[in-house]
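Report on the structure
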Amino acid sequence: MADQTSTANQWPADAAPYDLISPGRKRLGWALMAAATLGLLATIVLEILYKTDTDTIGFETWRPVVYAYVLWGVALGIGQVLTRGEDGQRALFLLPALLFTIAMVIFPTLFGLYIALTDWNLSSFSGRKFNGLDNFWQMLNDPYYRNALFNMVLYVLAVLVEYVIAFGLALLLNAQIRARKFFRVVFLMPLMLSPVAVSWMIGKSLMEYRFGPAATLARHLGWENPAFFSDPITARISVMILDAWTFIPFMMIMLLAGLQAMSREVLEAARVDGANAWQTFWQVTFPLMLPVSVTAVILRIIFKLKLADIIITVTSGGPGGATDSVSSFIYREYRDRSNVGYGTMLAMAYLVIIVVFVTWLLKFANRFVRNVN
């Protein structure tokens, strides 16, 4: 009882929990975290020097680095508790996420950046050597990579057409029509299929040049040479159709959920005021659906930026790279040419483009929704 009274008189009543920790305990926590950090860095540096034949002291495998990383995580958790008290205990819940982010995001990014600065080719016996910015200059002068970037612009712009179609289908399925539940299931079926399966079923079977039903129908309609994937323009349009057929249901289901969550009283008030169907849609339904629409479009654009499976399955980027997306081009750089160094440089550059574009897109979408509302 006497000790408790003494402690209460030593610290002010409004002192924060951090102030109640003794200086010796804080120094112990900081020393533990610093020692673990230095140990991890020293292990990594030794291993890098050994692997690059700069030094003879090191380890045969990267296993000691993994052990040092785990010990660093444990020391970081204990150090947080020692230096921050209850706040440190709460920070322990974030520690697994921090360790996972470092191991699965930061380290692969740094390793990829290193690989992008080498001439590593799996078909070469010389291994990988540092070649500076040679891959970067090669990328800037690569016409096929520029063509893939141009295709990505077209593919992303096609999302606006997909949005119009998806909105129309959502309005149709939200109306009081017969067999509405049946049509909802039917329209969702493409989303349940793998894009690779869709590519084979639609691209390779229905749109096949000689015997495909789509080609036969096109001949009956007067198209003498319905080779959907032989001409660059028709090949791009065919790829867009295949991709849209697969993912329009994704946008449709989001918009349909938004329509069903909309207040019926607002729509009835518009009709009581004398608004016709078009005025009700354009002045009431569309503005109220903007947050859902923006979310659906942004998610679809993010999916579109990864487009590769349909192209690889149906056209392999052809004819002459005309349908290549950036992702399929990078994949073929790895698969066909085994060019790991150059392919990684392309991937890193595309990552920067995506981060900048998506950041700008989110800011533009927020400003657009605020101005309309």
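Above this text you will find the structure in question.
Residues numbered from 1 in each chain as written. Predicted model: local features only at pLDDT ≥ 70, side-chain atom pairs only at ≥ 80, totals over all residues. Heavy atoms only, no water.

The subject of this paragraph is the side chain of glutamate 47. Summarising the element assignment, glutamate 47 is placed in helix 2 (residues 23-51). Residue class for glutamate 47 comes out buried when judged on its relative accessible area of 0%. (Helix = DSSP H or I, 4+ residues; strand = E, 2+ residues; numbered from the N terminus. Buried < 20%, exposed > 50% of the residue type's maximum accessible area, 1.4 Å probe, protein only.)

This paragraph deals with the pattern of salt bridges. Evaluation of the coordinates by the stated rule reveals seven salt bridges. Between aspartate 324 and arginine 332 there is a salt bridge, and its shortest N-O distance comes to 2.1 Å. The burial state of aspartate 324 is the same as that of arginine 332; both residues are buried. Between arginine 337 and glutamate 333 there is a salt bridge, with the nearest N and O atoms lying 3.0 Å from each other. Residue classification places arginine 337 among the partly exposed residues on the basis of a relative accessible area of 40%. With relative accessibility at 4%, the residue glutamate 333 sits in the buried group. Through salt bridges with shared partners, one network takes in Glu162, Asp243, Arg300 and Lys304. (Salt bridge = Lys/Arg side-chain N within 4 Å of Asp/Glu carboxyl O.)

One pass over the full model with this rule turns up 19 aromatic pairs. A centroid spacing of 5.2 Å and a plane angle of 65° characterise the contact between phenylalanine 136 and tryptophan 137, whose relative ring orientation is edge-to-face. Ring plane angle 75° and centroid distance 5.5 Å describe the contact between phenylalanine 167 and phenylalanine 281, whose orientation is recorded as edge-to-face. With a gap of 114 residues between them, phenylalanine 167 in helix 7 (residues 143-174) and phenylalanine 281 in helix 13 (residues 277-305) connect regions that are remote in the sequence. Accessibility classification places phenylalanine 167 together with phenylalanine 281 in one group, the buried group. Joined through ring pairs, the aromatic side chains of Tyr163, Phe167, Trp278, Phe281, Trp282 and Phe286 make up one cluster. (Phe/Tyr/Trp six-rings, centres within 6.5 Å; stacked < 30°, edge-to-face > 60°.)

Worth remembering: the numbers are spatial, not functional.
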